[in-house]
Structures are given as C-alpha cells and as structure tokens.
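Below are the chains, spelled out letter by letter.
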Amino acid sequence: MRLSFLVTAVTICSASACAPRTPAAAPPGVVTLPAPIPAAPTAPVTRSGSDVVRLGPSALRYAVHHQIHVEQQFPGQTQTVDRGLRVFLSATIVGPADSAGYPVTFTVDSIVPDSGTATPPGLNLASARGLRYIGHLTPAGEFKQTSTSDSTMAQMFTQFIGAFRNFYPRMPPAGLTLSAEWTDTSSTNDRVGIDVNIKAIAHSRATTWEQRNGTKCLRLESSSTYSVVGSGEQMGQPLEVSGTGTRTGVQFVAIDGRYLGGEAHDSSSLVVGLPMQGMTVPVHQITHSTITVLP
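About the cut-offs
Counting starts from 1 at the beginning of each chain's written sequence and moves along it residue by residue. Two thresholds apply to this predicted model, a pLDDT of at least 70 for residue-level local features and 80 or more for giving and counting side-chain atom pairs, whereas whole-chain, interface and lining totals are computed over all residues. The side-chain quantities take in all heavy atoms of the structure and omit both hydrogens and water. Each helix is a run of DSSP H or I of at least 4 residues and each strand a run of E of at least 2, with the numbering of both proceeding from the N terminus. A 1.4 Å probe rolled over the protein chains alone gives each residue an accessible area, and that area as a share of the maximum for its type sets the label: buried under 20%, exposed over 50%, partly exposed in between. Any pair of residues with heavy atoms lying within 4.5 Å of one another is described as a contacting pair. In this description, accessible areas are obtained by the Shrake-Rupley approach with a 1.4 Å probe, and a residue is regarded as covered only by the protein chains that are shown. Throughout this description, the term nonpolar core refers to a set of buried Ala, Val, Leu, Ile, Met, Phe, Trp, Tyr and Cys residues connected via side-chain atoms within 4.5 Å. The aromatic pairing rule takes the rings of Phe, Tyr and Trp, using the six-membered ring of Trp, and pairs them if the centres are within 6.5 Å, calling planes under 30 degrees apart stacked, those over 60 edge-to-face and the rest tilted.

Enquirer: Any chance you could break down the overall build of the protein for me, citing the residues and the numbers?
Expert: Scanning the protein from terminus to terminus reveals four helices and 11 strands. The proportion of buried residues among the 295 residues of the protein is 46%. Taking the intrachain contacts of the protein between residues at least 6 apart in sequence as the baseline, contacts between residues at least 24 apart amount to 66%. Counting only carbon and sulfur atoms, one obtains 55% of the accessible surface of the protein, whose full area is about 13800 Å².

Enquirer: Summarise the nonpolar core; cite the residues concerned and give the values.
Expert: Membership of the largest hydrophobic core comes to 46 residues, with the highest contact counts inside it found for Tyr-62, Phe-106, Ile-111, Phe-157, Ile-161, Phe-167 and Tyr-168. When residues in this core are grouped by element, the largest group, five residues, is from strand 2 (residues 77-93). Leave out the neighbours within four places in its chain, and Phe-106 touches Leu-89, Ser-90, Ala-91, Leu-131, Arg-132, Tyr-133, Phe-143, Phe-164, Phe-167 and Tyr-168. Formed by 17 residues, the second largest nonpolar core is a distinct cluster that contains Ile-194, Leu-239, Leu-270 and Leu-274.

Enquirer: So what's going on with the packing of aromatic side chains? Which residues, and what values?
Expert: Within this structure, the stated rule accounts for 12 aromatic pairs. Seen in terms of ring centroids, Phe-164 and Phe-167 are 6.1 Å apart; in terms of plane orientation they differ by 65°. Their pairing is edge-to-face. By relative accessible area, Phe-164 is classed as buried at 0%. Among the residues examined, Phe-167 registers a relative accessible area of 1% and is labelled buried. Measuring from ring centre to ring centre gives 5.6 Å for Tyr-168 and Tyr-259, while their planes differ by 65°; the resulting arrangement is edge-to-face. A residue pair is termed long-range when its members are at least 10 positions apart, and Tyr-168 in the loop between helix 4 (158-161) and strand 6 (181-192) and Tyr-259 in strand 10 (residues 259-274) qualify at 91 residues. Across this residue pair, the class does not change: Tyr-168 and Tyr-259 are buried. Connected via pairs of aromatic rings, a cluster forms that spans Tyr-62, Phe-106, Tyr-133, Phe-143, Phe-164, Phe-167, Tyr-168 and Tyr-259.

Right under this line is the structure:
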C-alpha cells in the first residue's frame, strides 16, 4: 500500500499551486521520526534452520495506519502538511492455489482519518465500506489484482487504499528459511492520480525466529532504494514528478503461513513540475506505516 502515498505530495502540491498565496509560514519545527524498529522483546525461538515458511490460506483482519509528513519549498515559503489515516480491512486467502497463486480477497471495513486530517471535499469515506479487491497471491508474495467490486469507487479511494500490490512481504518463490538473503529488482507502472513508474532495488533477509501474537514467526528485514517518474493531471492542470527515495521495513510471517503485519519507514525527495505556472517545487515526504493484526 505504499504507492498511493508517494503521490500524496503531488496532490497537495497541485492544490497549493492553484490556491491563493499566503504569507510565508514560519520555518517548520524539527520533525521527530519514529525510533528504529526494535527487535521483539521476547527471546528468539530456537528452531531448525531447515523450516520453510510460505504465505498460505488465512482469514485475518488488519488495521493499516499511515502517517505522512510533507514539506514543500515554494519561493520564499516552506509549506508543511501532516496527514494520517487508518484503513480497517479483512484479507482472505483460500486454497488450493492454482497456476496464478492463491485466490485472495481484500474487503474494506472503514477508513478513519487521524484527528486534524482533512478529507477531500465531497468524498464520503463511509462509502468505502464493503469495497472488495479480488486477485491472486503469487508464491513471491505479490498481489495481482484481477477485479474490484466497484471500479468507480475503487478509483475514488486509490489515494487512500492503493492497489494492495505490496501488502504482503516479498519472498523467494520457494519459501523462507532462517538467514535467507535475497535481492529483488522491480519496475511497476500504476495510475494513482497520475501515471507513475517506480523502479526499486530491495535487499531482504530473514533474521530470526520470534514470538508474535502468540505464534512462532520469521522476522523479515528489508531496505530498498527507488526512483519515481510520473506525469498526468491534477485539478485540471498538467504536472510532472521525478525523484528518489529509500525505504526500510520489518515484517512477520508465521510458521503456518499467516502474515502478521509489520512496520515501514519511507523517505522520498521529489521535484514536482507545474508547466502552467512555469515552476518546479521540491518536495520531501516522510511516511511511517504499520500493519497490525486485529483480534
């Protein structure tokens, strides 16, 4: 669910460029980022290194929380925006797998903005309830969407929900083993407000066995770098975006194949071009995301 928030800054920037100019704001305060993700406080679980973990059938409810900090540099002015929201959803993976992988359905229960976070005018977040995303989960952990229950509604909520492509952790198709290390190179194209291409190189490692939610699981740690190139229209005006970013994360997969959530930190430096205004706007965006299993 990362891609949708890469263009949050673009949407804000476009809206800001069209709005009346206000006096320069005072320089923003120091942004305190969350502390590095610690290891679990419980002792690691001792297991044979030959255990293989694969994502498999499950029916779980999750809370996905995104906190986004954006800084934009207009001439003589720094604008800061902080947004946060929670997406409550269920994810059902059923077996057996076919040639495309396991059938998967995501169903949105609700979208709840954090206190102080404004939503776009005229958008009723309650209307997202029951929206379904249907597809398959590949052995490598990628969700490939084939349909939605309402394509118009899904497009309306893209900036909040995304397409779930990266909801589950990526892993070797043969499964995870303790101390496994691998590198993924990917190039993805999506339309999230504008057409965006993201090229990423991610290095991942299964570091230890832990207890989480009362279940033995593997802890996966990853770090990646990526580049972003995109173009399209926002609020009726053309815009372009380019930049780079870094991402670190921790995710957990239970020995029985259930995904038990995780946490990620994402930092990107973008340049948004607004041809109609004849200007470019540097944008720095920091996103902190958590996925938590609900009872």
